[in-house]
Structure formats: C-alpha cells, structure tokens
Amino acid sequence: MNLNIDFYFDAASTLLTLIAWGLTGAVVLYIRKNRGDSLKLWKVALVVFLGSLTFDIYLYERVNLPVLPLGFLVLLLATRKKPLLWLKLKPYAWSGVAASFLLAGVQMVAPVVHDAFYNKDDLHTYITNPEETELLSIHPKSLKRSLITSELERVNMKRISMNVMEWHSNDKQVINTPHSKRMTLFPYIILGAEPLWGSGLDPVIHIRKDGKALLIETNRGQAFYELSTSILEGE
Amino acid sequence: MKKIIIAGLTLLIGFGGWLVYHSTSEIPENEHLIEKMNDKLKEQNHFKKGTLIKKVQGRQLIDDRHLYIPVVFENGSRGKSLWVDGWFKWKLVRVDTDGSPEVWEIDPEKPSTFHVIYHLEGVDSMDLYYREELYWSISNGKENFYQPPIQLKKEVAFDKRNYGAVKLPEVWSDIRAKSSDSRRPIMNLGYITYGENQEVISPSPSSDTAYSFGGNEKLSFVINLNKNDIVE
C-alpha cells in the first residue's frame, strides 16, 4: 500500500514545475553574470524564492492566480533604509515574482501536457496490472460474476457522452421502489488496479452490469466508455 | 566551531523532543483513569449528578497515540472515552454517555485511519454498512456526474467483549479516499445489531451527552439502520 504515493505522483505537473524553475534559474544566472554581481549565489536564490511567495486566489483545480506579491513587499520594506541594497536585490526579487506567474501559467497548461503523456481513452492508462485485479460487487442484488482479466488487455474502449438523463429515467423506477428491492446499473467495481506510473490518476472504475461499459472516476472527473466486448463472465 | 556546537545541540534537542513526543506513554491504572475522568466530568457545568463513571471495561489501543476506553456509568449505562497521547501522558479528550457506534477519524484526511468504536449491551453481533446513495447531477458548464449506489457490509462478531474499535475495511476507505469530487455525498456508515437468535435489536433511546475536553479529534455518525433501509 505504500506504493500508493507513486500513483498520486503527477509527472506532467512535476516536470512542468521543474522546467519553470529551471527557466527562472537560467534567467537569474544570466542577470547575475551580466551585472557582474558579487552577491553570493545562495543569497540570490533566497531573494528569488522570497520574491516568488505570493498571496493567491484559487481559480480552479490546482490553478492559483498570484494577486499580491507578499515576499516582494517584505523585501521592499526590509530594505527601505538601504536603497543601495534594494537596487542590488531588485532584479532578483522581480524574477521571483515572475516565477510565481510562470508557475501558475504552467499549471494551466498541465492538463494538456498530461493528456499528451497519458491517453485517457486507453484502458491501459488506468489498469497496468490486469492479472492482479479483482471484481468487487458493490450491490447485494448483483449477479455472481467474475472478471475476465485477459480481456482487460485486449478490449477496446470508446468514450461516449454520459447519458445521465437516460440513466436517471432508468433509475427513477429505482427511486420509487423500496430500498430493499433496488437494482443498479453499475453493480461492480474493479479492485487493485494500478494506473500508469506518474499519471497521478487514482481511478474508481465502475462496471455496467452487462460488463460492456465502464464509468471511470478520477480526480479529473468522470468519463463513460463502451467496450468492444464484455469483460465479465458467469451467470 | 561555536556555531557547529549550537547547531548540533539544536538538532539533538529537536530530535529528543520528537522522540519523547512520539513515544507511547504508559497507560495509567484503571483507578487513575476513572478518577481522572470523574474529576473532569465534575468540572463540566452542565454535568448531571449521578452519572459518574464506575467501571472501566477494557482498553483498546488504536495506534501509538490514540486510545479507546469503554466505560460503565454509575447508573449502569455504557459509554466511551477517548484518550490521546500528548507530552509524557495520556490526555482525556472526550467522554460519551452513549455507547452506540461512532467513527473516530484519527486523521480526517485519511479514511484508512478511521475506526468504528462501540460499547453495546445485550448484543450478539453487528453488521456495519458502507453506503453511498445513487446520485447524479446534470448542469450546464460543468460535466455530468453520476454516482452509482454502493452498499458494502462487514460483519462484526462480539466474542466475549461487547466493545471494540474496528478499522474500516480497506476497500471502504479506498473507495472513500479516491472520491475527490465534492459533489459526492459525505460518507454514510450504518449499523444493525442482532441478538442471540439473529433478531434485530434496536438500541433503547438513551440520553447521549458527549463531554469534550479539548483537542481536535473528529468523530462522525454511524446511523442505526433497519432492514428496510438496506438491500438484501
């Protein structure tokens, strides 16, 4: 279970963050060289880091927009009686502020990069270890069936829009029957699936009762897929 | 050199503090536990007379730092007490005059640390249920969302002990941990208790008072279900 940490690791986002910092570092080094600065490198790094500390507003998942450059203001206040020092630090403090915007921008494109790395419409992205998976019935009225794990490797899936309206009307009957007699469209989930390394996806995979469709939920939302063949056998 | 010594000392003190903080203190004797709890109870201004603790039924360590102690009150009713290991000693964080099941969310962010604690009388076995209601949402702008209903069951046998702390089954906490969508309903745990002949026992209504003594331990409900609430 300790391996779980790896599943959450989002390689696309991490890589982009590293690139953003690398870029900032390169620019800062260029500035320092150009100015023939005597300021120690760790001090430069500290000022850049302070400059990058900002007060952010939350836009949407993982994307925060910097609005108030707190670190920059602190530096400005701290050096208000030492204008010469401020002149020295200013370009690095600004680099820090720029870095915070760059980091926010990078998070905005992260999903696009993520999609390029990890094909969301390929079952292999969600299940890299078909033999180790199991079927879990999440509904007492479900038929006793089992997973054809070999089929998980072969099967093709096609994303189609979630017909929640249709499921809903189907389930209206469900709502009107007593709890104890209710049946459901998705009575199974797949247990033990490991997604692709670095995808940061930790999916819950629901299986439709005929075994020919999946409802996959990740931290990026839900998607519904129809399969070329059934992945369930028995009864 | 001076700097190195200071840095070394700071590290040592920090590490020592960490060790002390993370080492498990010894659990006091039952009399001491009872005395401590009764002292704390008496301090409560809405405390009702005659409901002091008379007996400690046992002790169940949940992890190195969390301890569940089932108690019996002078009037015979069963309750729960929760303890957390702080600096050098166990601190009482809560006394509950009702023994019906509750979830102690040790780390609210991690469902795998959740434990159902209970202390029941005249019960032979208990079924715990994890349920998620069928839920859907259709909205413009946002993607559609569909939550298939879930009902999972765990049977809890009461051997000789009528109290316990049951860790949530891994599958339950896994499903819960993965559900990041804020549109999903909150966790819905329920229980049904059975007597010797497998007949359903409904808990007798009792006045439940929970006394909190600081700390920020999080507890959540386990609902008493009847057969009509579940799918069989």
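One structure accompanies this document, and this report is about it.

A short note on the overall build of chain B
- Across its full length, chain B holds 3 helices and 17 strands.
- Burial analysis of chain B (232 residues in total) assigns 48% to the buried set.
- Excluding contacts between residues fewer than 6 apart, the proportion of contacts in chain B whose partners are at least 24 apart in sequence is 59%.

Some remarks on the packing of aromatic side chains
Residue and element names in this part refer to chain A.
- If you walk through the whole model with that rule in mind, you get 7 aromatic pairs over all chains.
- Taking the centre distance of 6.1 Å and the plane angle of 65° together, the rings of F117 and Y118 count as edge-to-face.
- Residue F117 is classed as partly exposed on the basis of its relative accessible area, which comes to 44%.
- Taken together, a centroid distance of 6.2 Å and an interplanar angle of 90° make the contact between F186 and F224 edge-to-face. Here F186, found in the loop between α8 (164–176) and β6 (188–191), pairs with F224, found in strand β9 (residues 221–227); they are 38 residues apart in sequence, far enough to count as distant. The pair F186 / F224 is uniform in exposure class, with both members buried.
- Clustering of aromatic rings is evident, with ring pairs tying together F72, W86 and W94.

Some remarks on the sheet that holds strand β6 (residues 102–105) of chain B
All names here are of chain B.
- Spatial ordering of the open sheet is given by β12-β7-β6-β16, a layout of 4 strands whose pairing is antiparallel. With one partner strand each, in any of the chains shown, β12 (163–167) and β16 (218–221) form the two edges of the open sheet. Strand-to-strand twist in this sheet, taken as the mean axis angle between neighbours without regard to direction, amounts to 30°.
- Bridging between strand β7 (residues 114–119) and β12 involves 5 bridges; their strand directions are antiparallel. Each residue of the ladder has a partner; that of H119, found in β12, is Y163.

As for the nonpolar core
- Counting 26 residues, the largest nonpolar core has B:M126, B:L128, B:Y130, B:L152 and B:L189 as the members making the most contacts within it.
- Elements with a contribution of two residues or more to this core: β6 of chain A together with β7, β8 (125–132), β11 (150–157), α3 (170–178) and β13 (188–194) of chain B.
- Non-local contacts of B:L152, meaning those with residues more than four positions away in its chain, are made with A:L136, A:S137, A:I138, B:L128, B:Y129, B:Y130, B:V171, B:W172 and B:I175.
- Counting residues in hydrophobic clusters, the runner-up holds 21 residues, among them A:Y126, A:L135, A:L152 and A:L227.

A few points about the sheet that holds β6(A)
Residue and element names in this part refer to chain A.
- Pairing in this open sheet of 6 strands is antiparallel, and the strands run β3-β6-β7-β8-β9-β5 from one edge to the other. This sheet does not close on itself; its edge strands, each paired only once, are β3 (134–137) and β5 (157–160). The sheet shows a mean angle of 35° between the axes of neighbouring strands, direction not considered.
- Pairing of β3 with β6, which is carried by 4 bridges, proceeds in the antiparallel orientation. When the sheet's bridge partners are listed, L136 is paired in β6 with I189.

Focus: the environment of A:R32
Residue and element names in this part refer to chain A.
- With respect to the secondary-structure elements, R32 resides in helix α2 (residues 11–35).
- Remark: the alpha-carbon pair of R32 and Y92, spanning 60 residues in sequence, is separated by 8.7 Å.
- Residues in contact with R32, not counting those within four places in the same chain, are D37, L39, K40, L41, V44 and Y92.

Some words on a nonpolar patch on the surface
- Taken together, the side chains of A:F55, A:I57, A:V67, A:L68, A:L70, A:L73 and A:L76 present a nonpolar region at the surface, about 560 Å² in accessible area.
- Secondary structure elements with two or more residues in the nonpolar patch: β1 (55–60), β2 (63–68) and α4 (70–78) of chain A.

Re empty space enclosed by the protein
- Under the defined criterion, the tally for this structure stands at 2 cavities of 30 Å³ or more.
- Within this model, the second largest cavity holds a volume of roughly 30 Å³.
- What lines the second largest cavity is A:I190, A:L191, A:G192, A:A193, A:P203, A:I205 and B:K178.
- Of the residues assigned to the lining of the second largest cavity, the class counts are 5 nonpolar, 1 polar and 1 charged.

About the criteria used
Residues numbered from 1 in each chain as written. Chains lettered and ligands numbered in written order. Predicted model: local features only at pLDDT ≥ 70, side-chain atom pairs only at ≥ 80, totals over all residues. Heavy atoms only, no water. Helix = DSSP H or I, 4+ residues; strand = E, 2+ residues; numbered from the N terminus. Buried < 20%, exposed > 50% of the residue type's maximum accessible area, 1.4 Å probe, protein only. Contact = heavy atoms within 4.5 Å. Phe/Tyr/Trp six-rings, centres within 6.5 Å; stacked < 30°, edge-to-face > 60°. Pairing = 2+ DSSP bridges. Axes fitted to C-alpha atoms, helices over the stretch in contact; angles between N-to-C directions. Core = buried A, V, L, I, M, F, W, Y, C linked by side-chain atoms within 4.5 Å. Patch = residues over 30% accessible without salt bridge, like charges linked within 9 Å, V, L, I, M, F, W, Y side chains within 5 Å. Areas by Shrake-Rupley, 256 points an atom, 1.4 Å probe, with all protein chains shown as cover. Salt bridge = Lys/Arg side-chain N within 4 Å of Asp/Glu carboxyl O. 1 Å grid on protein atoms, 1.4 Å probe; cavity = no way out; pocket = protein on both sides within 12 Å on 5 of 7 lines; lining within 4 Å. Points joined across faces, edges and corners; volume = space filled by probe spheres on them. Nonpolar A, V, L, I, M, F, W, Y, C, P; charged D, E, K, R; others polar.

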